Amino acid sequence: MPSPVMPTSRQGGAALSSVAVSAVGMRKSYGDKLVLDGIDLRIPAGSVFALLGPNGAGKTTAVKILSTLITADAGDLRVGGHDLAVDPQAVRAAIGVTGQFSAVDGLITGEENMLLMADLHHLPRAEGRRVAAELLERFDLTEAAKKPAQSYSGGMKRRLDLAMTLVGNPRIIFLDEPTTGLDPRSRHTMWGIIRGLVADGVTVFLTTQYLEEADELADRIAVLNNGKIAAEGSAEELKRLIPGGHVRLRFTDPAAYRSATTTLREATADDEALTLQLPSDGSQRELRSILDWLDTAGIEADELTVHTPDLDDVFFALTDKTDNADQSKETAR
Ligand code: ADP
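Remember, it's a predicted structure, so these values are computed and weren't measured experimentally.

Help me understand the overall build of the protein in this model?
Of the regular secondary structure elements, the protein holds 13 helices and 14 strands. Counting across all 333 residues of the protein, residues that qualify as buried make up 45%. When contacts within the protein are restricted to residue pairs at least 6 apart in sequence, long-range pairs at least 24 apart make up 69% of them.

Please explain the nonpolar core as it appears in this structure.
By size, the foremost hydrophobic cluster in this structure holds 47 residues, and its most contacted members are Met114, Leu160 and Ile221. Sequence-distant contacts of Ile221, that is, excluding residues within four places in its chain, are made with Ala50, Leu52, Ala214, Asp215, Ala231, Glu232, Gly233, Ala235, Leu238 and Leu311. The next biggest cluster of nonpolar side chains, apart from the first, holds 28 residues, and it includes Leu41, Ala62, Phe205 and Ala222.

Quick question: what am I supposed to make of the sheet that holds strand 10 (residues 228–233) here?
To summarise the sheet geometry, strands pair through backbone hydrogen bonds and adopt either a parallel or an antiparallel arrangement. In spatial order, the strands read 6-7-8-3-9-10; together these 6 strands make up an open sheet with mixed pairing. In this open sheet, the two strands that pair with only one neighbour each are strand 6 (95–98) and strand 10. Sheet twist, expressed as the average angle between the axes of neighbouring strands with direction ignored, equals 15 degrees. The pairing of strand 7 (residues 172–176) with strand 8 (residues 203–208) spans 5 bridges and is classified as parallel.

Even after reading the chapter, I still don't get unusual backbone geometry, so can you show me in this structure?
Glycine aside, negative phi is the norm for most residues, and most peptide bonds take the trans geometry. Positive phi is not limited to glycine here, since His122 has a value of about 55 degrees. With respect to the secondary-structure elements, His122 resides in the loop between helix 4 (110–120) and helix 5 (125–138). Positive phi, close to 60 degrees, is recorded for Asp140, a residue that is not glycine. Within the secondary structure, Asp140 is located in the loop between helix 5 and helix 6 (154–166).

Explain the sheet that holds strand 1 (residues 19–30) here, please?
Across the sheet, which stays open at both edges, the 4 strands sit in the order 2-1-4-5 with antiparallel pairing between neighbours. Where the open sheet ends on each side, the last strands, each with one partner, are strand 2 (33–44) and strand 5 (82–83). Where strand 1 meets strand 4 (residues 74–79), 5 bridges bridge the pair, whose relative direction is antiparallel. Each bridged residue has a counterpart across the sheet, and for Val21 the counterpart in strand 4 is Val79. Most of the contacts of helix 2 (residues 59–66) go to strand 1, to which it runs at about 120 degrees, and overall it touches strand 1, strand 2 and strand 4.

Help me understand the site of the ligand, please; the structure alone is not making it clear to me.
In the region of the ligand, 13 residues are neighbours, and Gly56, Gly58, Lys59, Thr60 and Thr61 sit closest. Here an oxygen atom of the ligand and a backbone polar atom of Gly56 are 2.7 Å apart. One of the side-chain N or O atoms of Thr60 is found 2.7 Å from an oxygen atom in the ligand. For the ligand, the protein covers 65% of the area, taking 560 Å² as the surface of the free molecule. Put simply, the parts of the chain that give the shell around the ligand at least two residues each are strand 2, helix 2 and helix 13 (324–332). In terms of residue count, the dominant contributor to the shell around the ligand is helix 2 (3 residues). Within the shell around the ligand, the residues separate by chemical class into 5 nonpolar, 6 polar and 2 charged.

Would you mind going over the packing of aromatic side chains with me for this structure?
Summed over the entire model, instances satisfying the criterion amount to 3 aromatic pairs. Here the aromatic rings of Phe49 and Phe205 are separated by 5.2 Å at their centres, their planes lie at 55 degrees, and the arrangement is tilted. Residue Phe49 is located in strand 3 (residues 48–52), and its partner Phe205 is located in strand 8; the two are separated by 156 residues in the primary sequence. Neither residue differs from the other here; Phe49 and Phe205 are each classed as buried. An aromatic cluster of three or more residues is present, and its members are Phe49, Phe174 and Phe205. Note that Arg187 overlies the ring of Tyr210, its terminal NZ or CZ placed 3.9 Å from the centroid.

I keep staring at the packing of helix 4 against helix 5 and nothing clicks. Help me out?
Each pair of packed helices gets described by two things: the angle between the helix axes and the distance between those axes. For the pair helix 4 and helix 5, interaxial distance at closest approach is 9 Å and the crossing angle is 135 degrees. On the basis of their axis angle, the class for helix 4 and helix 5 is oblique. At the point where helix 4 passes helix 5, the crossing takes the right-handed sense. Side by side, helix 4 and helix 5 meet where Glu111, Met114, Leu115 and Ala118 of the first sit next to Gly128, Arg129, Ala132, Leu135 and Leu136 of the second. Partitioned by chemical class, the residues of the contact of helix 4 with helix 5 number 6 nonpolar, 1 polar and 2 charged.

About the thresholds
Residues numbered from 1 in each chain as written. Predicted model: local features only at pLDDT ≥ 70, side-chain atom pairs only at ≥ 80, totals over all residues. Heavy atoms only, no water. Helix = DSSP H or I, 4+ residues; strand = E, 2+ residues; numbered from the N terminus. Buried < 20%, exposed > 50% of the residue type's maximum accessible area, 1.4 Å probe, protein only. Contact = heavy atoms within 4.5 Å. Core = buried A, V, L, I, M, F, W, Y, C linked by side-chain atoms within 4.5 Å. Pairing = 2+ DSSP bridges. Axes fitted to C-alpha atoms, helices over the stretch in contact; angles between N-to-C directions. Near = heavy atom within 4 Å. Polar contact = N/O pair within 3.5 Å; in protein donor to acceptor, adjacent residues only side chain to side chain. Areas by Shrake-Rupley, 256 points an atom, 1.4 Å probe, with all protein chains shown as cover. Nonpolar A, V, L, I, M, F, W, Y, C, P; charged D, E, K, R; others polar. Phe/Tyr/Trp six-rings, centres within 6.5 Å; stacked < 30°, edge-to-face > 60°. Lys NZ or Arg CZ within 6 Å of the ring centre and 35° of its normal. Parallel < 35°, antiparallel > 145°, perpendicular 65-115°, else oblique. Left-handed = near helix turned anticlockwise from the far one by under 90°.

Right, here's the structure in full:
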């Protein structure tokens, strides 16, 4: 179903209406612990935004603020075109939230959970039944619908949780670590579901510890560290921020390895693994010149592999080695 991306903002302006979430100077402390130190975010409608960060970085805090569960200490915050400080009720009507602690009631069936949500949204009975059945079908839960939700697997519970969120037909969805603890198959299923939502024009605000997840899903990624956005951009842009691309040559013959190390002085050598590492952007042009050069020097490696930096490299380069939770006192000073 192609849908308009956002309700037109009452504050007016085409630019505003195409921004689903915007934050300028979002701040939050718990006591003397500064968690968010003036965060700026701008999420276009219909896109997937991923907030990445180590444990304790403040990801959940940001989601809780933007979904009206807690208030910020400062900042100009708008969600769905509505000012959080002025009209939190309108924000609530525009969004859906699924958290790490699911809203699913295990004692009742999946279907009953869905109908309860339909009641909460004041849907007429028949309409509620129709929406519940449709969503259960879409999330592959029809067969399990009459079973108590506590008998569901982790992946099924997450799907039910998201299905419940969609009863209200939100245009902006906050997904706080939607695949934490799921097995790879369930994770891929959830990714497919998220892509389907985006295809329907829904804006997704995702927090995750899985870099692969951000890489797979997100149009833009922000890395949160010690209360600040350490970097923001597409996965490709973030990867370009850090060096680390290289070509690795592996030898099995120690004599060939030794002759290569004396010839390729700028390479980083690993005497134990018999490998040499050459900086490279992985482009065809660079690879060809490396190969030509090896031929000219009469060096024959047993294996040549190209490594481009991945989001893990970015994450390690941009965030602290220690847990952010331990550091937040430092930040507060
Ligand atoms: P993340 O989601 O990135 O793991 P959180 O937003 O949950 O991080 O937490 C950020 C920091 O704020 C952590 O140091 C956490 O201990 C602290 N914190 C979170 N909620 C509270 C609270 N209600 N009271 C005090 N400190 C809190």
